[in-house]
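Tertiary structure, described
One-letter residues, chain by chain:
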Amino acid sequence: MITLDETDHAILEQLRLDARASMTAIAEVVHISRAGAHARIKRLTDAGIITGYTVRTDPVLLGHHASAYVTLAIEQATWQEVSARLRMIPEIEHMALVGGDFDVILLVRASDARDLRRIVLEDIQAIPSIRSTRTTLIFEDFTLI
C-alpha cells in the first residue's frame, strides 16, 4: 500500500479531467518534471490505483434515449451467479452491490422506452434469483468530472 501526497492527487485529478493529457501537460500543471510525472503515474499504475483509461460518451448522441437506475432485491447467497448473468446484458453500463433497502443498483441505457421495458422485464427479471426490481427513469445526465 502506498501513501499518496498532494502531487499524486493532483496528477490523478488531471487524468480524471483528461486521460489523454500529455506527460508534459500534466507535469506543468502539477509543477514537477516530465520524468517525475511519468514515474509517479507508473507507480500509481503498478500499485493498482490507476486501473485503466476510458472515454466518456454522451448517451443520447449514442442513441440511448431512455436511461434508468434499476434496483434489485436478490437472494443473498446468489450474488456471484446474478452478477455473472447481469454482466451478459450489454445495456447495463454500471453495476454495484450495495447495502440498504435493495441489494444491487444498475445503470441501464436503452434506445427507447420499449427497449428499456424489454431489458427490465425480459432480461433482468428473467434471472431466477432476483426477487424484485424497481426502475427509476433518468430525465437528464450530468457528468461532474
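The preceding data block contains the structure.
A short tour of the structure in this document, coming up. Since we're looking at a predicted model, the values are computed, not measured.

Further remarks concern the pairing of strand β2 (residues 92-97). The sheet contact formed by β2 and strand β3 (residues 104-110) spans five bridges and is antiparallel. Bridge pairing links Met95 to Leu106 in β3. Counted between consecutive antiparallel strands, the loop separating β2 from β3 contains six residues, among which Gly100 sits at a positive phi close to 135°.

Our focus in this paragraph is the nonpolar core. In this structure, Leu72, Leu86, Leu106, Val108 and Ile124 are the most contacted members of the largest nonpolar core, which totals 20 residues. For this core, the secondary-structure elements that each account for two or more residues are β1 (66-74), α4 (79-87), β3 and α5 (113-124). Among the elements that line this core, the one with the most residues is β1, at five residues. Not counting chain neighbours up to four residues away, the residues in contact with Leu86 comprise Leu72, Ile92, Met95, Val104, Leu106, Ile124 and Ile127. Counting ten residues, the second-largest nonpolar core is a separate cluster that includes Ile11, Leu12, Ala37 and Ile41.

One non-glycine residue, His31, lies in the positive phi region at around 65°. Looking at the secondary structure, you find His31 in the loop between α2 (23-30) and α3 (34-46). Taking relative accessible area as the criterion, His31 reaches 71% and is therefore assigned exposed.

Evaluated as defined, the whole model comprises ten salt bridges. Across the pair Arg40 and Asp8 runs a salt bridge, and its minimum N-O distance is 2.8 Å. One end of the pair, Arg40, is in helix α3; the other, Asp8, is in helix α1 (residues 6-17), with 32 residues separating them in the sequence. Residue Asp8 is classed as buried on the basis of its relative accessible area, which comes to 1%. Note that Glu13 is salt-bridged to Arg16, the shortest N-O span being 3.4 Å. Taken together, the residues Glu13 and Arg16, both in helix α1 and three residues apart, mark about one turn of the helix.

Glancing now at α4. Listed in full, the buried residues belonging to α4 are Trp79, Val82, Ser83 and Leu86. The buried residues of α4 all sit within an arc of 95° when viewed along its axis, so they share a single face. Residues of α4 that are buried make contact with β1, β2, β3, α5 and β4 (130-138).

Another point: the side chain of Thr71. Looking at the element boundaries, Thr71 is found in strand β1. Thr71 gets classed as buried once you look at its relative accessible area, which sits at 12%. In this structure Thr71 touches Phe102, Val104, Ile105, Ser132, Thr133 and Arg134, once residues within four positions along its chain are discounted.

Each value, and the rule that gives it
- Residues numbered from 1 in each chain as written.
- Predicted model: local features only at pLDDT ≥ 70, side-chain atom pairs only at ≥ 80, totals over all residues.
- Heavy atoms only, no water.
- Pairing = 2+ DSSP bridges.
- Helix = DSSP H or I, 4+ residues; strand = E, 2+ residues; numbered from the N terminus.
- Core = buried A, V, L, I, M, F, W, Y, C linked by side-chain atoms within 4.5 Å.
- Buried < 20%, exposed > 50% of the residue type's maximum accessible area, 1.4 Å probe, protein only.
- Contact = heavy atoms within 4.5 Å.
- Salt bridge = Lys/Arg side-chain N within 4 Å of Asp/Glu carboxyl O.
- Arc of directions from axis to C-beta.

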